[in-house]
Amino acid sequence: MIEYVHKEMQDALRQGVHMNESDLQQLNRDELLSMLLTVSQRCDNLEKQLSEAKKLMKDTKDISEYAGPVTDLLEATRSKCAAMESEAKTRCDQMIERAQAESQSYWDEVYSRIRRYSKATESLKDIVAELVPVGDSGNK
């Protein structure tokens, strides 16, 4: 019977049920010591939980203290990357324009040489045609 009452009291204490003075006076020494032990254990558990909560709050505060500078660094990095990307794009566009101009100049020169060669061969054909009459094979 005492064990049942003892168990009931421990459950009540764990749930935060308070006993009045007359209830406490009805308990014997063993029951009171058992209750004291239960209350002490509950207090220890609550102190551990409080300590863990304080540590978690401190860790969260520490993290939040670093979040600002990290965010600033991230924004600065993004800004620098955007500037570098823009600069690289400008340089690439300039290189493409220069390559296109050089290519056009090269092909203009090739075309000019082909036209000169074509005119020279036409002139040579005219000279040869004047020297050798058409239909004359040169063997008489």
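The structure displayed is predicted, hence computed values, not measured ones. (Residues numbered from 1 in each chain as written. Predicted model: local features only at pLDDT ≥ 70, side-chain atom pairs only at ≥ 80, totals over all residues. Heavy atoms only, no water.)

(A) Highlighting the overall build of the protein. When helices and strands are tallied, the protein shows 3 helices and 0 strands. Reading the secondary structure of the protein in the N-to-C direction produces α-α-α. Within the span of the protein, comprising 140 residues, buried residues form 6% of the whole. Surface exposure of the protein reaches about 12,700 Å², of which carbon and sulfur atoms provide 58%. (Helix = DSSP H or I, 4+ residues; strand = E, 2+ residues; numbered from the N terminus. Buried < 20%, exposed > 50% of the residue type's maximum accessible area, 1.4 Å probe, protein only. Areas by Shrake-Rupley, 256 points an atom, 1.4 Å probe, with all protein chains shown as cover.)

(B) Just a nonpolar patch on the surface, in detail. A grouping of Leu124, Ile127, Val128, Leu131 and Val132 is seen on the molecular surface, where their side chains present a nonpolar patch of about 470 Å² in accessible area. Its place among the elements puts leucine 131 in helix H3 (residues 29-131). Of the residues examined, leucine 131 reaches a relative accessible area of 66% and is grouped as exposed. (Patch = residues over 30% accessible without salt bridge, like charges linked within 9 Å, V, L, I, M, F, W, Y side chains within 5 Å. Salt bridge = Lys/Arg side-chain N within 4 Å of Asp/Glu carboxyl O.)

(C) Quick peek at the packing of aromatic side chains. Tallying each qualifying case throughout the model produces 1 aromatic pair. Ring centres of tyrosine 106 and tryptophan 107 lie 5.2 Å apart, and the angle between their planes is 80°; on these two criteria the pair is classed as edge-to-face. (Phe/Tyr/Trp six-rings, centres within 6.5 Å; stacked < 30°, edge-to-face > 60°.)

(D) Fine view of H3. The first and last C-alpha atoms of H3 sit 146 Å apart over 103 residues, in line with the 153 Å expected at 1.5 Å per residue. Of all the bends found along H3, the most pronounced is centred on alanine 67 and spans about 30°, while proline 69, a proline, follows it within four residues. Looking at H3, one finds that the buried residues are Glu31, Ser34, Met35 and Thr38. (Expected span 1.5 Å × (residues − 1). Bend = angle between axes of the 7 residues up to and from the residue.)

(E) Expanded view of the pattern of salt bridges. Per the stated rule, a full pass over the model turns up 6 salt bridges. Arginine 78 is the salt-bridge partner of glutamate 75, the closest N and O atoms lying 3.1 Å from each other. One end of the pair is glutamate 75 and the other is arginine 78, both in helix H3 and 3 residues apart, which spans about a single turn. Arginine 116 is the salt-bridge partner of glutamate 109, the closest N and O atoms lying 3.9 Å from each other. What you see here is one network of salt bridges that share partners, running through Glu109, Arg113 and Arg116.

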